[in-house]
Amino acid sequence: MTVTAQKHQAWAQIQARRNAPELIKSLDEGRPSVSGIVRPLEPEVPVVLDGEVFEDLERLNAMTRNQALYTTRLSDGGAVALGVFTDRAGMLSVAHPMDTDTALDFGLPTFTRVWEDANEGGDRLELEHGFHWPNLLDVPRGFLHTQNWNDIVSSVSVCAFDVSLFWDINLSGPEFFVPAGTRIPDLNAFGWNDAVSSFICWG
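The structure reproduced in this document is the subject of the present report. (Residues numbered from 1 in each chain as written. Predicted model: local features only at pLDDT ≥ 70, side-chain atom pairs only at ≥ 80, totals over all residues. Heavy atoms only, no water.)

1. Description of the overall build of the protein
Phase 1: Counting its regular elements, the protein contains five helices and 14 strands.
Phase 2: Taken over 203 residues, the protein has a buried fraction of 43%.
Phase 3: Once local pairs closer than 6 in sequence are excluded, the contacts in the protein between residues at least 24 apart make up 69%.
Phase 4: Accessible surface computed for the protein: about 10200 Å², of which carbon and sulfur atoms make up 50%. (Helix = DSSP H or I, 4+ residues; strand = E, 2+ residues; numbered from the N terminus. Buried < 20%, exposed > 50% of the residue type's maximum accessible area, 1.4 Å probe, protein only. Contact = heavy atoms within 4.5 Å. Areas by Shrake-Rupley, 256 points an atom, 1.4 Å probe, with all protein chains shown as cover.)

2. Concerning the nonpolar core
As a rule of thumb, soluble globular proteins bury nonpolar side chains together.
Phase 1: Formed by 39 residues in total, the largest nonpolar core has its most connected members in Leu165, Phe176 and Phe199.
Phase 2: With residues up to four places along the chain from it excluded, the contact list for Leu165 reads Val156, Pro174, Glu175, Phe176, Leu187, Trp192, Val196, Ser198 and Phe199.
Phase 3: In terms of nonpolar packing, the next biggest core, distinct from the first, is built from ten residues, Tyr70, Phe85, Leu171 and Ile200 among them. (Core = buried A, V, L, I, M, F, W, Y, C linked by side-chain atoms within 4.5 Å.)

3. Description of helix α3 (residues 57–64)
Phase 1: Residues of α3 that are buried: Leu60, Asn61, Met63 and Thr64. Viewed end-on, α3 has its buried residues packed into an arc of 150°, placing them on one side of the element.
Phase 2: Looking at the buried residues of α3, the elements they touch are β2 (47–49), β3 (52–54), β5 (79–85) and β12 (163–168).
Phase 3: Residue Asp56 occupies the N-cap position of α3, its side-chain oxygen lying 3.3 Å from the main-chain nitrogen of Glu58. (Arc of directions from axis to C-beta. Polar contact = N/O pair within 3.5 Å; in protein donor to acceptor, adjacent residues only side chain to side chain.)

4. Observations concerning the side chain of Ser157
Phase 1: In this fold, Ser157 is placed in the loop between β11 (155–156) and β12.
Phase 2: Accessibility expressed as a relative area gives 9% for Ser157, which makes it buried.
Phase 3: Setting aside residues up to four positions removed in sequence, Ser157 forms contacts with Thr112, Arg113, Trp115, Glu120, Thr182 and Arg183.

Listed below in structure tokens is the structure:
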């Protein structure tokens, strides 16, 4: 392999991938596989499991070892909770504060930004709608690009399109869903700080 070919191959590894229809269908209808990685979910906000307040975090974490859970931010007035669902369709039915057309009418950006620190601080990584990062281990970070983006995301900027964060590479494992028009200033509140290995911007 020539040096030029090696450079092209290396660059292709750190390019965001376009969302193929079969990928979207598999994520929307199927359950992401579980990698076996044990990472405790320790949210600072109350947990609502399939519509019911759930206080047994030990049992919740036992569940994450056996199946992928779908999570999102829930809010009611000033109260905020982590919504945990065993069914993705159930999560989507309660997660959307606005549709994409409304978000675009408000002039929200068509790309998302994830950030190294809370409150959109530190390094940032952008992703246009219709693309995904399958493996953040392959995405360089830092001034000299000596680090990567795996397990480093702490906040998410508002976007006109839905965004999904995943614990594992290749959009697998537990999912944290960020609806269009929603900003997440601190993932730590939901137990998702420094826990993202891949993510997708829908659309």
